[in-house]
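Remarks on the overall topology
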Amino acid sequence: MTVSLHNTGGTAVRSGTVTFGTHIIGALGIDWATIESTAPLPTPIAPRTRKAKTWTVCVDTWRVPLGMHVETRDVSVEWE
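Residues numbered from 1 in each chain as written. Predicted model: local features only at pLDDT ≥ 70, side-chain atom pairs only at ≥ 80, totals over all residues. Heavy atoms only, no water.

As summarised here, the arrangement of the 3 strands in space is β3-β2-β5, forming an open sheet in which the pairing is antiparallel. Only two strands of the sheet have a single partner each, and these edge strands are β3 (31-40) and β5 (69-79). Adjacent strand axes in the sheet meet at a mean angle of 20°, parallel and antiparallel pairs treated alike. Of the pairings in the sheet, the one linking strand β2 (residues 16-25) to β5 comprises 10 bridges and is antiparallel in character. In the sheet register, T17 faces β5, and the bridge partner there is E78. (Pairing = 2+ DSSP bridges. Helix = DSSP H or I, 4+ residues; strand = E, 2+ residues; numbered from the N terminus. Axes fitted to C-alpha atoms, helices over the stretch in contact; angles between N-to-C directions.)

Next comes the structure, spelled out in structure tokens:
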């Protein structure tokens, strides 16, 4: 998953985390579960700049039975 981060503030982002919400979707489109995973932000991010980063989001195979699939739908960022 590639996320573009834009620091619109006046100081550099020095640390933080990104959280991904990966949904387990059944064959009929029912959302059975959401698995969260976190990763550190690619810091520092200078003021008024953009930085893109690609993360691999994984889910254990036993969580995705035959006929189901995964979709990473939610992304949130917390920085300091």
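A cluster of nonpolar side chains, namely M1, V75, V77 and W79, defines an oily patch on the protein surface of about 350 Å² accessible area. Here W79 shows up in strand β5. (Patch = residues over 30% accessible without salt bridge, like charges linked within 9 Å, V, L, I, M, F, W, Y side chains within 5 Å. Areas by Shrake-Rupley, 256 points an atom, 1.4 Å probe, with all protein chains shown as cover. Salt bridge = Lys/Arg side-chain N within 4 Å of Asp/Glu carboxyl O.)

Let us look at the side chain of N7. With respect to the element layout, N7 can be found in strand β1 (residues 2-7). Given the relative accessible area of 9%, N7 is considered buried. In this structure the side chain of N7 is engaged in a polar contact, spanning 3.0 Å, whose partner is the backbone oxygen of I45. A distance of 3.3 Å separates a polar side-chain atom of N7 from the backbone oxygen of A46. Ignoring sequence-local partners within four residues, the contact set of N7 consists of A12, V13, I45, A46, P47, R48 and T49. (Buried < 20%, exposed > 50% of the residue type's maximum accessible area, 1.4 Å probe, protein only. Polar contact = N/O pair within 3.5 Å; in protein donor to acceptor, adjacent residues only side chain to side chain. Contact = heavy atoms within 4.5 Å.)

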